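A structural walkthrough
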Amino acid sequence: MAMLFEPIALRSLVLPNRVVIAPMCEFSAVDGCASDWHIIHLGHLAVSGAGLLIIEATGVEPAGRISRECLGLYSDENEEALARVLKIVRKYASMPIGIQLSHAGRKASIRKPADGRGPAGEEEGGWEVVAPSPIPFAETWKTPRMLDRAGMDSVISNFVQATKRADRLGLDLLELHSAHGYLMSSYLSPIANVRTDEYGGSLENRMRFPLEIFKAVREAWPDHKPAGVRFNGSDWLEGGIDPDEAVAYAKALAAIGCDYVDVSSGGNGYANIPLSPGYQVPFAERVKRETGLPTMAVGLIREPSHAEQILQDGMADMIALGRGILNNPRWPWHAAEELGAVVEAPHQYMRAVTRTGLPTQDSTGVPSHIAQLRESRG
Ligand SMILES: Cc1cc2nc3c(=O)[nH]c(=O)nc-3n(C[C@H](O)[C@H](O)[C@H](O)COP(=O)(O)O)c2cc1C
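Let me begin by describing the structure that accompanies this report. No experiment lies behind these values; they were computed from the predicted model shown. (Residues numbered from 1 in each chain as written. Predicted model: local features only at pLDDT ≥ 70, side-chain atom pairs only at ≥ 80, totals over all residues. Heavy atoms only, no water.)

To continue, consider the pattern of salt bridges. Overall, the coordinates contain 24 salt bridges when judged by the stated rule. Two residues, Asp172 and Arg90, come together in a salt bridge whose shortest N-O distance is 2.9 Å. In this pair, Asp172 sits in the loop between α3 (149-168) and β8 (173-178) while Arg90 sits in helix α2 (residues 76-92), placing the two residues 82 residues apart along the sequence. For Arg90, a relative accessible area of 31% translates into the label partly exposed. Measuring nitrogen to oxygen at the nearest pair gives 2.8 Å for the salt bridge that ties Asp197 to Arg195. Asp197 gets classed as partly exposed once you look at its relative accessible area, which sits at 31%. Three or more residues are tied together by salt bridges with common partners; here these are Asp76, Glu79, Arg165 and Arg168. (Salt bridge = Lys/Arg side-chain N within 4 Å of Asp/Glu carboxyl O. Helix = DSSP H or I, 4+ residues; strand = E, 2+ residues; numbered from the N terminus. Buried < 20%, exposed > 50% of the residue type's maximum accessible area, 1.4 Å probe, protein only.)

Let us look at the site of the ligand. Taken together, 16 residues are adjacent to the ligand, and Cys25, Gln100, Leu300, Gly322 and Arg323 come closest. Taking Ala57, its main chain carries an N or O atom lying 3.0 Å from an oxygen atom of the ligand. The fraction of the free accessible surface of the ligand (610 Å²) that becomes covered by protein chains is 83%. In this structure the site holding the ligand corresponds to the largest pocket. Within the shell around the ligand, the residues separate by chemical class into eight nonpolar, five polar and three charged. (Near = heavy atom within 4 Å. Polar contact = N/O pair within 3.5 Å; in protein donor to acceptor, adjacent residues only side chain to side chain. Areas by Shrake-Rupley, 256 points an atom, 1.4 Å probe, with all protein chains shown as cover. 1 Å grid on protein atoms, 1.4 Å probe; cavity = no way out; pocket = protein on both sides within 12 Å on 5 of 7 lines; lining within 4 Å. Sits in = over half its atoms within 2 Å of the grid points. Nonpolar A, V, L, I, M, F, W, Y, C, P; charged D, E, K, R; others polar.)

This is the structure we're talking about:
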């Protein structure tokens with residue numbers, strides 16, 4: 001059996017396979033509330049046969065959203081709107097669903113990409129941004145307000161409130177966004193964090209606030225549900241986070257109950273990233289090897305055979321797909337067919353799960369892949 005289609009357990013959650021749909025901002029919310037687009041977007045991905053769907057970066061407070069169209073989980077209205085979407089999606093899909101909680105820090109308050117990414121002025125609904133230090137992301141970006149202790153406590157409290165809302169929504173897994181230069185990531189990176197208090201300077205100090213957030217969230221999230229963290233294996237910048245620091249961060253997270261890591265890179269400043277298939281996998285591999293934590297690899301993994309090889313080589317435990325699965329939402333079906341495995345598919349589509357033709361049927365007319373799936377589940 002292909003490793004990609006073997007189940008994996010994270011606390012009491014069992015993912016039916018190791019294909020993960022990476023969190024992807026949709027810039028389609030209104031005041032943080034999920035819209036009809038989320039029904040379409042999450043709905044179609046939830047019937048793709050992947051093992052886990054992670055909902056996009058979701059702001060824990062209005063100022064923590066990347067853009068004003070970003071999803072939030074800071075109000076009753078936000079919670080109700082997402083409940084409406086999940087109710088419909090859940091009716092048709094059993095795929096485990098997680099959410100990525102986020103604070104965008106100094107990279108908040110931008111225009112949505114379709115309007116030309118870049119800082120949104122107040123006339124465009126923009127707002128003041130916050131960060132570990134008053135250093136803008138880039139020359140034309142807003143100079144952030146430096147968070148003081150009270151500001152940091154408020155951020156932690158908002159992460160905790162959003163965590164409780166995520167639990168009430170019945171979400172199966174929580175991921176904290178500690179990558180790509182957003183608030184948690186900016187505390188970790190010396191590029192954005194030049195504080196001279198106990199939250200800046202040494203790695204131990206730079207990790208302190210992100211770890212405080214994770215600890216508070218882990219305590220608020222039910223014991224039986226998994227919580228993981230996405231972070232950078234590298235900033236790809238001189239003086240930025242490097243793989244050694246990423247490993248140390250993962251170890252510190254593991255010590256306080258982190259169940260998996262999702263290793264990405266970049267975003268703490270403009271960088272030349274050497275893009276190629278699986279370009280971030282070596283970071284995942286190091287973190288996995290040195291911490292033993294269940295690890296997700298992500299970034300330009302497009303071919304099923306490549307995904308399988310990463311797992312076979314022991315470089316990661318799960319494969320997250322972003323653009324590849326938007327481009328081809330039936331990626332898990334095709335990968336399963338190519339690797340000789342089976343995945344869950346809606347009964348409405350059961351005649352279409354193979355590309356090579358009709359699936360064979362048993363004497364009762366049940367397509368063989370469904371029978372195989374039922375058998376594999378006992
Ligand atoms: C449309 C889009 C939105 C994204 N939004 C998020 C996000 O909300 N949170 C996050 O951590 N990464 C986000 N990413 C990054 C992806 O999760 C993924 O790490 C990245 O695209 C690399 O994987 P890929 O080559 O499979 O696309 C986004 C990527 C895309 C294409």
